[in-house]
Amino acid sequence: QTGSANTNPSDSADDEYITSVSIGTPAQVLPLDFDTGSSDLWVFSSETPKSSASGHVTYSPSKSSTAKKLSGSTWSIKYGDKSSSSGDVYTDVVTIGGFSVKTQAVESATKVSTQFVQDTLISGLVGLGFDIGNQVSPRPQKTWFSNAASSLAEPLFTADLRHQETGSYNFGFIDTSLAKGTIGYTPADGSEGYWGFTATGYSVGGAKLNRNSITGIADTGTTLLLLPDNIVDAYYNNVESAEYDDSQEGVVFDCSEDLPSFSFGVGGQTITISGDLLNLTPIEEGSSTCFGGLQSSSDIGTNIFGDVALKAALVVFDLGNERLGWAQK
Ligand SMILES: CSC[C@H](NC(=O)[C@H](Cc1ccccc1)OC(=O)N1CCC(N)CC1)C(=O)N[C@@H](CC1CCCCC1)[C@@H](O)COc1ccncc1
C-alpha cells in the first residue's frame, strides 16, 4: 500500500507547506503542516479556546463516531521558534494521501501560543520525526508514519517541496521521475527524534565542494537553511549589498542582486540550491530589500536544512534503513 498527498506553499515566501489531512468519521479535513523536526500530530479542536481558534478549521472529536479519549494522557510542546501548544489526547482514524491509520493519537489543543493563533493557514502539525521525540505523557504515542510504516509497501516517505508550486509527500514509494539526479543515501541519526545527517562539504557559486562536513537535520517544518556563521559569511561575502538587519534578525540585501548558488555534498551527490531559491522575499510588501534564505544557526545550536534546501531536492526519509536520500531536482 502507498499514499500520496499534495502540499502547497502557504504564501509568497514559501514560509510553510500545507497538506490536507482527514480525521475521524465522517471525515473532518484540516490543513496541517508536516514537520520532520517534531513527532506529535496535534490540531486546533473544539477544546481550543474560541478566541484562539477563531479563523481556524477545527477537529471535533464529539462529531466523530470513531474518536476515543485517551484518558489520563496530556501533551505539551515547545518549538525552536519559541511557539508552543498543549492539551489532551484522542485516538481516531487519520487519512493522509489516501492511506488510513485506524488508531492514530490525535493531540487536541487546549492551549496554543500567539504564533499559532495568528497563523490561520494551518490547524496544527503532523510530526514526521522519530517516535522518541513524542511529547505525550504518561505514555508517548507513535507518529502517523510510524503507525503506517509496517503496512506501507516500503517503510519510507519522500518530500518534494517546490517554490511557489504544488509539491508532494509520498508514502511507501519513491517516484524517481520527480528528480533529475541520482539519489545519494547517507545514514540518518534519529536518536534526538529528528532526521540527523552529515553533509560532506559545501561550495558557493558552483565552485568545487570543500571537505568541511556539516552535521544537521532535514527539517520540513523550518523555513530557512540555517548553517554555521563561517559558512554564512563565506556565502554573503559574494553579495555586495548584504548586511545584518537587527530588526529582521537576519542578513538582508538588495532584491536586485544576482545571488550565487549554494551547494552541499551528501551521499556522494552534490545538491545545488540556485540563487533565486536563496532570495526568500522582500522584508515588507513592495520593499526593494530582500531577506536571505540562508541564515545563521548559531542561536539555535543545530544546523537545519529547512525548506530552502529541501526545495532543491527530492528527499527520501527511509525509516526502514535509517537513512536519508537526496537527489537534485
Ligand atoms: C529552526 S527552529 C524555527 C522553526 N520555525 C520556523 O522555521 C518558522 C516556521 C513558520 C511558522 C509560522 C509561520 C510561518 C513559518 O519560520 C521562521 O522561523 N521563519 C520564517 C519567516 C522568516 N521571516 C523568519 C524565520 C521551528 O521551530 N520549526 C519547528 C516546526 C514549526 C513550529 C512552528 C509552526 C510551524 C512548524 C520544528 O521543525 C523545529 O525543529 C527543530 C528545531 C530545532 N532543533 C531541532 C528540531
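This is a predicted model, so every value here is computed, not measured.

Per the stated rule, a full pass over the model turns up one disulfide. Disulfide pairing places cysteine 255 opposite cysteine 290 at an S-S distance of 2.1 Å. As the torsion about the S-S bond is roughly 105°, the cysteine 255-cysteine 290 disulfide counts as right-handed. Separated by 35 residues along the polypeptide, cysteine 255 in the loop between strand E18 (250–254) and strand E19 (262–266) and cysteine 290 in strand E22 (residues 289–292) bring together distant segments of the chain. The exposure class of cysteine 255 is partly exposed, given its relative accessible area of 24%.

Our next topic: unusual backbone geometry. Keep in mind that most residues, glycine aside, have a negative phi and that most peptide bonds are trans. With omega at -10°, the peptide bond leading from threonine 25 into proline 26 counts as cis. By the secondary structure assignment, proline 26 is in the loop between strand E2 (17–23) and strand E3 (28–35). In this structure, the amide linkage connecting serine 137 to the following residue, proline 138, adopts the cis form with an omega of 5°. Along the chain, proline 138 falls in the loop between strand E9 (136–137) and helix H3 (144–149). Positive phi, normally seen in glycine, also occurs at glutamate 322, with a value near 45°. In this structure, glutamate 322 sits in the loop between strand E25 (313–318) and strand E26 (323–328).

This part takes up the sheet that holds strand E24 (residues 303–305). Overall, mixed pairing links the five strands, which are arranged E13-E15-E24-E16-E23 in an open sheet. Where the open sheet ends on each side, the last strands, each with one partner, are strand E13 (196–199) and strand E23 (294–296). Between one strand and the next, the sheet's axes are offset by a mean angle of 40°, whatever the strand orientation. The pairing of strand E15 (residues 214–218) with E24 spans three bridges and is classified as parallel.

What follows covers the pairing of E3. Across the eight residues of E3, seven count as buried, placing the element largely inside the fold. Across six bridges, E2 lies against E3 in antiparallel orientation. Opposite threonine 19, over in E3, you have leucine 32 as the bridge partner. The loop that links E2 with its antiparallel partner E3 comprises four residues; one of these, glycine 24, has a positive phi angle of about 90°. In the sheet, E3 pairs with strand E8 (residues 124–127) via three bridges, with the strands oriented parallel. Bridge pairing in E8 links aspartate 35 to glycine 127.

Grouped together as the largest cluster of nonpolar side chains are 73 residues, with contacts concentrated most on Trp144, Phe171, Phe262, Phe264, Ile273, Phe305 and Trp326. Among the nonpolar cores identified, the runner-up in size contains 15 residues, and Ile18, Tyr79, Leu125 and Val136 belong to it.

A few words on the confidence of the model for the protein. Taken as a whole, the protein shows an average pLDDT of 98; of its residues, 100% reach a score of 70 or greater. Of the two predicted TM-score estimates for the complex, the pTM is 0.98 and the ipTM is 0.97.

Turning to the site of the ligand, a few remarks are in order. In the neighbourhood of the ligand, 24 residues make up the surrounding shell, with Asp35, Gly80, Asp81, Asp219 and Thr223 lying closest. Contact distances for the ligand include 3.0 Å between an oxygen atom and a backbone N or O atom of glycine 80. Here an oxygen atom of the ligand sits 2.7 Å away from a polar atom, N or O, in the side chain of aspartate 219. Secondary-structure elements contributing two or more residues to the shell around the ligand are E3 and helix H2 (114–118). Taken together, the residues that form the shell around the ligand break down as nine nonpolar, eight polar and seven charged.

Positionally, serine 85 belongs in strand E6 (residues 84–96). Among residues more than four places away in sequence, those in contact with serine 85 are Trp42, Trp75, Ser76, Ile77, Tyr79, Lys111, Val112 and Phe116.

For the rest of this paragraph, the subject is the sheet that holds E22. Spatial ordering of the open sheet is given by E17-E18-E22-E21, a layout of four strands whose pairing is antiparallel. With partners counted over all chains shown, the strands left at the sheet margins are strand E17 (243–245) and strand E21 (279–282), one partner each. Looking at each pair of strands side by side, their axes are set apart by 45° on average, direction ignored. Alignment of E18 against E22, held across three bridges, turns out to be antiparallel. By the bridge assignment, valine 252 is partnered in E22 with phenylalanine 291.

Procedures and definitions
Residues numbered from 1 in each chain as written. Predicted model: local features only at pLDDT ≥ 70, side-chain atom pairs only at ≥ 80, totals over all residues. Heavy atoms only, no water. Disulfide = S-S within 2.5 Å. Helix = DSSP H or I, 4+ residues; strand = E, 2+ residues; numbered from the N terminus. Buried < 20%, exposed > 50% of the residue type's maximum accessible area, 1.4 Å probe, protein only. Pairing = 2+ DSSP bridges. Axes fitted to C-alpha atoms, helices over the stretch in contact; angles between N-to-C directions. Core = buried A, V, L, I, M, F, W, Y, C linked by side-chain atoms within 4.5 Å. pLDDT = per-residue confidence, 0-100. Near = heavy atom within 4 Å. Polar contact = N/O pair within 3.5 Å; in protein donor to acceptor, adjacent residues only side chain to side chain. Nonpolar A, V, L, I, M, F, W, Y, C, P; charged D, E, K, R; others polar. Contact = heavy atoms within 4.5 Å.

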